[in-house]
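A structural walkthrough
Next come the chains, spelled out residue by residue.
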Amino acid sequence: MEAQGTVFKYGNNVDTDVIIPARYLNTSDPAELAKHCMEDIDSEFIHKVKDGDIIVADKNFGCGSSREHAPLAIKKAGVSVVIASTFARIFYRNALNIGLPIFECPEAAVGIAAGDEVKVDFDTGVITNVTKNETYQAEPFPEFMQALIKAGGLINYIREQKAQ
Amino acid sequence: MGMTMTQKILAHHAGLPEVKAGQLIMSKLDLVLGNDITAPVAITEFNKIGIDEVFDKNKVALVPDHFTPNKDIKAAEQCKLIREFAHAKEITNYFEIGEMGIEHALIPEKGLVVPGDVVIGADSHTCTYGALGAFSTGVGSTDMAAGMATGESWFKVPSALKFELTGKPGPWISGKDVILHIIGMIGVDGALYRSMEFVGEGLANLSIDDRFTMANMAIEAGGKNGIFPVDEVVLDYVKEHSCRDYTVYKADPDAEYDAVYQIDLSTIRPTVAFPHLPDNTRTIDEVGDVKLDQVVIGSCTNGRIEDIRVAAKILNGKKVAKGIRCIIFPATQKIYLQALREGLIEQLVEAGAAFSTPTCGPCLGGHMGILAKGERALATTNRNFVGRMGHPESEVYLASPAVAAASAITGRISNPEEIAD
Ligand code: SF4
């Protein structure tokens, strides 16, 4: 699997309250949520983002509440992969469980700038900055996670297992 | 190599003699929890799996606490979905308005968690039950759905930070000051992916309510869980609230920690977290003149009986300053009733505070106390992120109930030592 897109770049501690503000949580419809994705730190995001685009951030991305609405909103907005120096742990779980690929890679978080064209190879963990002609190596998913992501998330994975 | 307390609990629940930090394991679950925001998503996911029953109808808990009593039509629809699911699946632990409370105060109070348990909840503050010597951690709705279906969950075994507590806290110092001090020291990602194990002789000076507050905010330091050893204080609480069997796990003497911190409780000052992160802390002596519009006392962090008692003690016979909205929300019906019987509600209402039914309400900017643009609140809650309590240009300061009550009287962030007689 592979993804390629234009980068939206953010800093440290992007919390779930800015990814999707609590005032919109009275719905769990991903399309409704996506309309307000990143609204409180980047009101332009949702108007500019195209399918396949990539979010790159620094440390502790997705900290705060356990709301799965956050990765759901990001995925539905069209984002193909999120790269950060580190992720908050619940966001890390949620993203993989709903099938939003994420990579921890401090070098990429430093090297990649807003607007760069970036390509990610999910199998090898190689991140290519097409604009700057640089590559960064992230840890590829362990086998267990590969299976989860391939199945499209935890629920499909369990369903497939139950069916067997 | 030895295991931490958390690692021992996880190893046992995974059926393994030993686990190591970083290892991926599949663990059995003793309780799976969700609320009116996260459970509807989990129920939708659960229904996609294509099975009829939850793994154990006594081991699932559903608590509509965030936007309840229903704030609007959408909230009503979400709660209806949970209620119908609870009914259809014959879930024992569904708590309706009138018997409910904020989940993290309610679940221990109902005796649903005991020492040695593994609990997941689709709410980040599920880490609260570590106060009882259980491994409990917040997960997402999909984890909750999978947990309800299989009674199992995957975990990456955490490494740990150890906090050795000594000494006795001063008169107006509570667990809230201790945990804000710790978060200020290690930062909002200081415990990322790790357990926070609290140990030491200083624990004897921390009540069970203090410990719930501290475990509750482990997530504000990025922690996977916070956990306390099982001592007399814990056992007294467990015996009073639960008839379930429990298992006491202790960390091995040679367990490895990523870092060990020494904290002398007698040196801790009333501590306030400034906007917009819980680690942006200052002691009360460094706060300066911060005028307020609203004071909020309650939540799963500080809505327990001790918190209401402290607030009443400070506010009794005094008045909330003109122009300040002081909103108090107890965490559960039981606490509400206890406050009523002890005469605390009368004292607080006489002082000019608004006293609410249990709800998360203002804590997450849901309802019952939203901030307008430019307004400033001091709250005993756990998060002060941008827009947390309302308008993105409002501000939230975090502190203990004692600081909150003192501040309600003066209208600016104040030291309880100066207000209390
Ligand atoms: S009181 Fe606040 S922090 Fe606690 S569960 Fe409710 S919304 Fe979350």
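Residues numbered from 1 in each chain as written. Chains lettered and ligands numbered in written order. Predicted model: local features only at pLDDT ≥ 70, side-chain atom pairs only at ≥ 80, totals over all residues. Heavy atoms only, no water.

What follows covers the overall build of chain B. Of regular secondary structure, chain B possesses 14 helices and 18 strands. Since a compact globule built from 421 residues should have a radius of gyration of about 22 Å, the 20 Å found for chain B is in line with a globular shape. Seen through its C-alpha atoms, chain B measures out along the principal axes to roughly 60 × 50 × 40 Å. A total of 421 residues make up chain B; the buried ones form 64% of that total. Considering only contacts in chain B between residues 6 or more positions apart, those separated by 24 or more positions represent 76%. Accessible surface for chain B amounts to roughly 14,400 Å². Of this, 50% is attributable to carbon and sulfur atoms. (Helix = DSSP H or I, 4+ residues; strand = E, 2+ residues; numbered from the N terminus. Rg over C-alpha atoms; globule rule 2.2 N^0.38 Å. Buried < 20%, exposed > 50% of the residue type's maximum accessible area, 1.4 Å probe, protein only. Contact = heavy atoms within 4.5 Å. Areas by Shrake-Rupley, 256 points an atom, 1.4 Å probe, with all protein chains shown as cover.)

Attention shifts here to the overall build of chain A. Looking only at helices and strands, one finds eight helices and seven strands in chain A. Over its C-alpha trace chain A gives a radius of gyration of 15 Å, about what one expects of a compact globule, namely 15 Å for 164 residues. Each principal axis of the C-alpha atoms in chain A carries an extent, and together these give about 45 × 40 × 25 Å. Going through the 164 residues of chain A one by one, you find that 61% of them count as buried. When contacts within chain A are restricted to residue pairs at least 6 apart in sequence, those whose partners lie at least 24 apart make up 63%. Entry remark: accessible area of chain A is about 6,300 Å², with carbon and sulfur atoms responsible for 48%. Taking the average place of the 16 positive charges on the side chains of chain A and the average place of its 23 negative ones, the gap between the two points comes to 4 Å. (Lys, Arg positive; Asp, Glu negative; His and termini not counted. Charge placed at Lys NZ, Arg CZ, Asp CG, Glu CD.)

This brings us to the sheet that holds strand β8 (residues 160-166) of chain B. Think of a sheet as strands paired side by side through backbone hydrogen bonds, with each pair either parallel or antiparallel. Residue and element names in this part refer to chain B. Spatial ordering of the open sheet is given by β10-β9-β8-β11, a layout of four strands whose pairing is parallel. Both outer strands of the open sheet, β10 (225-227) and β11 (259-264), are each paired with one neighbouring strand and no more. Put simply, the sheet's adjacent strands are angled 20° from each other on average, direction ignored. Relative to strand β9 (residues 195-199), β8 runs parallel, the two being bridged by five bridges. What sits directly across from Ala160, in β9, is Ser195. Where helix α1 (residues 5-14) meets the sheet, its contacts fall on β9 and β10, and the angle it forms with β10 comes to roughly 110°. (Pairing = 2+ DSSP bridges. Axes fitted to C-alpha atoms, helices over the stretch in contact; angles between N-to-C directions.)

The next point concerns the site of the ligand. Residues and elements named next belong to chain B. By nearness alone, 13 residues border the ligand, and His125, Cys300, Cys360, Cys363 and Asn382 come closest of all. If you map the ligand onto the pockets, it falls in the largest cavity. For the shell around the ligand, the residue count by class is five nonpolar, five polar and three charged. (Near = heavy atom within 4 Å. 1 Å grid on protein atoms, 1.4 Å probe; cavity = no way out; pocket = protein on both sides within 12 Å on 5 of 7 lines; lining within 4 Å. Sits in = over half its atoms within 2 Å of the grid points. Nonpolar A, V, L, I, M, F, W, Y, C, P; charged D, E, K, R; others polar.)

This part covers the interface of chain B and chain A. Tallying the contact residues gives 47 residues for chain B and 38 residues for chain A. Together chain B and chain A conceal approximately 3,600 Å² of surface at their shared face, both sides included; 61% is due to carbon and sulfur atoms. Among the residues chain B hides against chain A, the three largest losses belong to Thr142, Trp154 and Tyr193 of chain B. Together they make up 19% of the total. Between Arg93 of chain A and Asp143 of chain B there is a salt bridge, with its nearest N and O atoms 2.9 Å apart. For the side of chain B that touches chain A, the secondary structure elements donating two or more residues are β1 (24-28), α2 (38-49), α3 (73-88), β6 (135-138), α5 (141-150) and β7 (152-156) of chain B. (Buried area = accessible area lost by both parts, 1.4 Å probe. Salt bridge = Lys/Arg side-chain N within 4 Å of Asp/Glu carboxyl O.)

For the rest of this paragraph, the subject is the nonpolar core. Counting residues in each nonpolar core, the largest one holds 204 residues, and the members touching the most others are Phe61 and Ile83 of chain A. With seven residues, the top contributor of residues to this core is helix α13 (residues 401-410) of chain B. Leaving out residues up to four positions away in the same chain, Phe61 of chain A has contacts with Val14, Ile19, Ile55, Ile74, Val82, Ala84, Thr86, Phe87, Ala88 and Phe91 of chain A. (Core = buried A, V, L, I, M, F, W, Y, C linked by side-chain atoms within 4.5 Å.)

What follows concerns unusual backbone geometry. Cis geometry is found at the peptide bond from Thr68 of chain B to Pro69 of chain B, where omega equals -20°. The backbone phi angle of Asn60 of chain A is positive, close to 60°, even though this residue is not glycine. Locating Asn60 of chain A in the fold gives a position in the loop between β2 (54-57) and α4 (69-76). The backbone phi angle of Ser299 of chain B is positive, close to 90°, even though this residue is not glycine.

Residues and elements named next belong to chain B. A full pass over the atoms with the stated rule returns 28 salt bridges over all chains. The salt bridge partner of Lys8 is Asp252, with a shortest N-O separation of 2.8 Å. Of this pair, Lys8 sits in helix α1 while Asp252 sits in the loop between α8 (232-241) and β11; the two residues are 244 residues apart in sequence, bridging distant segments of the chain. Look at Asp252 and you get partly exposed, because its relative accessible area is 22%.

The next subject is the sheet that holds strand β7 (residues 134-137) of chain A. Residues and elements named next belong to chain A. What the seven strands build is an open sheet, ordered β4-β3-β2-β1-β5-β6-β7; its pairing is mixed. In the strand order of this sheet, the two ends are held by β4 (102-104) and β7, each with one partner. Going from strand to strand, the sheet's axes swing by 25° on average, the running direction of each strand aside. Note: strand β1 (residues 2-9) against strand β5 (residues 117-121), five bridges, orientation antiparallel.

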